[in-house]
Amino acid sequence: MAATLARALYVDEREVRLIRRAAPLHDIGKVGIPDDILLKPGRLTAEERLIMEGHAAIGARILSGSRFRVLQLAEVVALRHHERWDGSGYPEGVAGDRIPLPARIAAVIDVYDALTHARPYKEAWTTQAAAAEIGRQSEKQFDPWVVETFVELLAKGSFSDLFAV
């Protein structure tokens, strides 16, 4: 999905191929989060939330130092995929286009995936409800250009062939 979105955002094809391979590593830092927090069926406490937020920096550390471009990009995506367009994200409160485009793309896809799949603490949302929520978060959590393009692709069914068996 990240590669499809990147292509629609006019990212060059070489970078699209890197995003396709790097984006799935965005949450690799969750290996450093205790299962009792990661799989908690209820709301996280403030302390647990801080621990969970550490997964972005943990993931970046795991991926750091590679000479391979795909892992360098994965490091950036892991570190920045929870930054928010309005600057209220983590780990550093980076805002707007200072957040690398691949991380802005991964952020939208990550939230869509989280909303449309059941978790120990919630039921899966419909595609329409998830798209509406992502739309509401445009200019707050997400880059409005990325959101607009994502919603258009979703409406056209551009992602449906990715799930065909």
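Residues numbered from 1 in each chain as written. Predicted model: local features only at pLDDT ≥ 70, side-chain atom pairs only at ≥ 80, totals over all residues. Heavy atoms only, no water.

Caption draft 1: Geometry of unusual backbone geometry. Residue P91 is reached from Y90 by a cis peptide bond, and omega for that bond is 15°. Along the polypeptide, P91 turns up in the loop between α6 (69-80) and α7 (101-116). Of note, E139 is a non-glycine position whose phi angle comes to about 75°, a positive value. For E139, the location among the structural elements is in the loop between α8 (127-136) and α9 (144-156). (Helix = DSSP H or I, 4+ residues; strand = E, 2+ residues; numbered from the N terminus.)

Caption draft 2: Region of interest: empty space enclosed by the protein. For the structure shown, the criterion picks out one cavity of 30 Å³ or more. Space inside the largest cavity adds up to approximately 50 Å³. What lines the largest cavity is simply R80, H81, E83, R84, W85, I99, A103, R104, A107, Q141, F142 and D143. With three residues, the single largest contributor to the lining of the largest cavity is α7. (1 Å grid on protein atoms, 1.4 Å probe; cavity = no way out; pocket = protein on both sides within 12 Å on 5 of 7 lines; lining within 4 Å. Points joined across faces, edges and corners; volume = space filled by probe spheres on them.)

Caption draft 3: Local environment of the nonpolar core. One finds L5, I19, I105, V108, I134, F142 and F150 to be the most contacted residues of the largest nonpolar core, which totals 35 residues. Counting residues per element, this core draws most heavily on α7, which supplies eight residues. Setting aside chain neighbours within four positions, we find I19 in contact with A2, A3, A6, V11, P24, L73, P102 and I105. (Core = buried A, V, L, I, M, F, W, Y, C linked by side-chain atoms within 4.5 Å. Buried < 20%, exposed > 50% of the residue type's maximum accessible area, 1.4 Å probe, protein only. Contact = heavy atoms within 4.5 Å.)

Caption draft 4: Inspection of the environment of R21 at higher detail. Here R21 lies in helix α2 (residues 13-22). Each C-alpha atom, one on R21 and one on S158, is 19 Å from the other, the two residues being 137 residues apart in sequence.

Caption draft 5: The arrangement of the pattern of salt bridges in detail. Under the criterion given, the structure shown has ten salt bridges. Residue R69 pairs with E15 through a salt bridge whose shortest N-O separation is 3.4 Å. Taken as a pair, R69 in helix α6 and E15 in helix α2 lie far apart in primary sequence, 54 residues in all. The class for E15 is buried, based on a relative accessible area of 16%. The partner of R136 in a salt bridge is E133, with the nearest N and O atoms 3.0 Å apart. With a gap of three residues between them, R136 and E133 both fall in helix α8, about one helical turn apart. Looking at R136, the relative accessible area reads 47%, which means it is partly exposed. (Salt bridge = Lys/Arg side-chain N within 4 Å of Asp/Glu carboxyl O.)

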